[in-house]
Amino acid sequence: QVQLVESGGGLVQPGGSLGLSCIASGSFVRVNDMAWYRQAPGKQRELVARITRGGITTYADSVKGRFTISRDNFKDTVNLRMDSLKLEDTAVYHCNAQVRQSWDAVATDHWGQGTQVTVSS
């Protein structure tokens, strides 16, 4: 089994900063793409940022220039640095990873339980 466990999150004022971390653990041979998604109340889950194993990053237009995704392939972790936070960044943030559980298997999607980020004055 594969587990993704997020940490970080919390309450921050507009314009503030926050960091999220996610670690993959369990039985697998390789973690491919890792990403952060978010879901605000009444809205669909949306991609925030994605990073390939080689370090290529993709960001949602709404967070470009404010958020930074990074990863450590040796520790199987992915981080999200969030600066200049806005009210509309309030959401539950979920870690996502494409994980190969054996060398003869294709990568499958795995999700963390989510961590709440609230931006409020």
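Residues numbered from 1 in each chain as written. Predicted model: local features only at pLDDT ≥ 70, side-chain atom pairs only at ≥ 80, totals over all residues. Heavy atoms only, no water.

**Student:** Can you tell me about the nonpolar core, naming the residues and giving the values?
**Tutor:** Formed by 31 residues in total, the largest nonpolar core has its most connected members in Trp36, Leu80, Met82 and Tyr93. It is strand E9 (residues 91–100) that contributes the most residues to this core, 5 residues altogether. Beyond its immediate stretch of four places on either side in the chain, Leu80 contacts Leu18, Gly19, Leu20, Trp36, Val48, Ala49, Phe67, Thr68, Ile69 and Tyr93. (Core = buried A, V, L, I, M, F, W, Y, C linked by side-chain atoms within 4.5 Å. Buried < 20%, exposed > 50% of the residue type's maximum accessible area, 1.4 Å probe, protein only. Helix = DSSP H or I, 4+ residues; strand = E, 2+ residues; numbered from the N terminus. Contact = heavy atoms within 4.5 Å.)

**Student:** Go over the sheet that holds strand E8 (residues 77–82) with me, naming the residues and quoting the values.
**Tutor:** Strand order in the open sheet made by the 4 strands is E1-E3-E8-E7, with antiparallel pairing throughout. Either end of the sheet is taken by a strand with one partner, and the two such strands are strand E1 (2–8) and strand E7 (67–72). Strand-to-strand, the axes of this sheet are offset by a mean angle of 15 degrees, without reference to chain direction. Pairing geometry for strand E3 (residues 18–26) and E8, over 6 bridges, is antiparallel. In the sheet register, Ile23 faces E8, and the bridge partner there is Thr77. (Pairing = 2+ DSSP bridges. Axes fitted to C-alpha atoms, helices over the stretch in contact; angles between N-to-C directions.)

**Student:** So what's going on with the packing of aromatic side chains? Residues and values would help.
**Tutor:** This model, assessed by the stated rule, comprises 1 aromatic pair. Summarising the aromatic geometry, the rings of Tyr37 and Trp111 are spaced 4.9 Å apart at their centres and angled 65 degrees between planes, so their arrangement reads as edge-to-face. Separated by 74 residues along the polypeptide, Tyr37 in strand E4 (residues 30–39) and Trp111 in strand E10 (residues 108–111) bring together distant segments of the chain. Here Tyr37 falls in the buried class, since its relative accessible area comes to 15%. (Phe/Tyr/Trp six-rings, centres within 6.5 Å; stacked < 30°, edge-to-face > 60°.)

Geometric descriptors of this kind do not, in isolation, establish any biological role.
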